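These are the residues of each chain, in order.
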Amino acid sequence: MKSIPLTRRTGMAVAAAGVLAIAVVPAAHAATPSPTAQSKVASDLARQLGSRSAGAYLDASHQLVVTVTNAADAKTVKAAGATPKTVARTGAQLQAAKKALDDAAVPGTARMIDPKTNQVVVAVDSTVTGDRLGKVEKAASAQGAAVRIRHVSGEFRPLIGGGDAIWGSGYRCSLGFNVTTSSGAAGFITAGHCGNVVSTWYSDQGESSELATTGKSVFPGNDYSIATYTGSASHPSEVDLYNGSTQAISGAGDATVGESVKRSGSTTGVHGGTVTAVGASVTYEEGTVNGLIDTNVCAEPGDSGGALFDGGTALGLTSGGSGDCSSGGETFFQPVPAALSALGASIG
């Protein structure tokens, strides 16, 4: 049985399959806005400030901090209830530096903007050596202090596997979240690198109990796919927590740097961590995927397509990464809101 690289899990319970569990995030302090509320403020301010801001993040106290480069924008941020942080480089400047690095990308690398340090980070895995490493270092050096290189032990690769285990064509992935398709039918979303190789999904490893058929699937570029249920399995809007309970999923939201999150998958169950970047680009051997959520949450092959969530909010689908859940790792997720928008689907 081939295992498909990691993907974000959908919050669905599949009969006879180990649904990827979503763990409940501890309630925030009463004085701290909910993650959903903070995500909305961050999104609203991103639209207002545009490329003048280099991003936002949650600090150690889980308060929203938004980067600015002038006093007028700092006033706007304060008025919205967030904390402004004056930085040297605008979002436009960092995006330009990231584009130059994207143009010089080689397999085994990822590029992302770190709003906390006001830099572009180039993550380089252990396979990047010799001339390929020299190419990356030359491109980074050309951008000066706006860029730093971070070396990663292990290899960036898609991780087929996931939340509730789903099988097809000899592969195993994880279900991400249950959705309603554009036609009003019940379905689920999972990773595109899973949907690309599986046209019919089953709820059992022997592939005798048909579950769903794949519709649109996109990978690389993005990493999402949608499938429509054909079987009789129940499909509530929830994620398996792998402890006999589930987490209800009520909607989708955008992740924020510094946010505490959980990831559920059929190989490793539920693991937690922190969002370290958004808008990341990672170059696998199969090609580059853009706009990803970068985290320090671990995952392993078979977790692909599984769910990333914060309480009842669906955030991402497991795409790929490096490391494992014994030594730790770095995992990238396809944002759920962007996938839903592209697919014309909704949670539930």
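The structure presented is a predicted model; accordingly, all values stated were derived computationally and were not measured. Throughout this description, residue numbers start from 1 for each chain and increase along the sequence as written. Only residues with pLDDT of at least 70 get local features here, since the model is predicted, and only at 80 or more are side-chain atom pairs given and counted; chain-wide, interface and lining totals rely on the full set of residues. Note that the side-chain values use all heavy atoms of the structure and ignore hydrogens as well as water.

Caption draft 1: Main features of the overall build of the protein chain. Numbering of helices and strands runs from the N terminus; a helix is a DSSP stretch of H or I covering at least four residues, while a strand is a stretch of E covering at least two. Summing up its helical and strand segments, the protein chain has six helices and 25 strands in all. Taken across its 348 residues, the protein chain has 54% of its residues classed as buried. Residue pairs in contact within the protein chain that sit at least 24 positions apart in sequence constitute 70% of those at least 6 positions apart. Residue burial considers only the protein chains on display, and all accessible areas are found by Shrake-Rupley using a 1.4 Å probe. Summed over all atoms, the accessible surface of the protein chain reaches about 12900 Å², with 51% contributed by carbon and sulfur. Buried residues are those whose accessible area, probed at 1.4 Å on protein chains only, stays under 20% of the maximum for their type, while exposed residues exceed 50% and partly exposed ones sit between those limits. Residue contacts follow a heavy-atom distance rule, with two residues in contact if any of their heavy atoms lie within 4.5 Å.

Caption draft 2: Spotlight on the packing of aromatic side chains. Only the six-membered ring of Trp is used, alongside the rings of Phe and Tyr, when aromatic pairs are assigned; centres must lie within 6.5 Å, and planes under 30 degrees apart are stacked while those over 60 apart are edge-to-face, with the rest tilted. In this structure the tally under the stated criterion is three aromatic pairs. On the basis of an interplanar angle of 35° and a centroid distance of 6.2 Å, the ring pair of Phe 219 and Tyr 284 is categorised as tilted. Residue Phe 219 is located in the loop between strand E14 (210-218) and strand E15 (224-229), and its partner Tyr 284 is located in strand E20 (residues 269-284); the two are separated by 65 residues in the primary sequence. Across the pair, exposure class does not vary: Phe 219 and Tyr 284 are buried alike.

Caption draft 3: Examining helix H2 (residues 71-79) more closely. What H2 keeps buried is the set Asp 73, Ala 74 and Val 77. Viewed along the axis of H2, the buried residues span an arc of 105°, placing them on a single side of the element. Turned more than 90 degrees away from the buried face of H2 sit Ala 71, Ala 72, Lys 75, Lys 78 and Ala 79, all of them exposed. Against helix H1 (35-49), strand E3 (64-68) and strand E4 (83-86) lie the buried residues of H2. Think of it as the arc spanned by the lines of direction from the helix axis to the C-beta atoms.

Caption draft 4: Layout of the pairing of strand E22 (residues 307-310). Residues of E22 alternate between two faces, with Ala 307 and Phe 309 on one and Leu 308 and Asp 310 on the opposite face, all of them buried. Note: E22 against strand E23 (residues 313-324), four bridges, orientation antiparallel. When the sheet's bridge partners are listed, Asp 310 is paired in E23 with Thr 313. Two strands qualify as a pair provided DSSP detects at least 2 bridges between them. Between the antiparallel neighbours E22 and E23 lie two residues, among them Gly 311 with a positive phi of about 60°.

Caption draft 5: Here's a closer look at unusual backbone geometry. Here the bond from Phe 219 into Pro 220 is cis, since omega is -5°, no more than 30 degrees from zero. The topology assignment puts Pro 220 in the loop between E14 and E15. With a phi close to 55°, Ser 169 is a non-glycine residue in the positive phi region. Residue position: Ser 169 is located in the loop between strand E9 (164-168) and strand E10 (171-175). Residue classification places Ser 169 among the partly exposed positions, given a relative accessible area of 40%. At Tyr 242, a residue that is not glycine, the phi angle is positive and equals roughly 55°. Residue position: Tyr 242 is located in the loop between strand E16 (238-240) and strand E17 (246-248).

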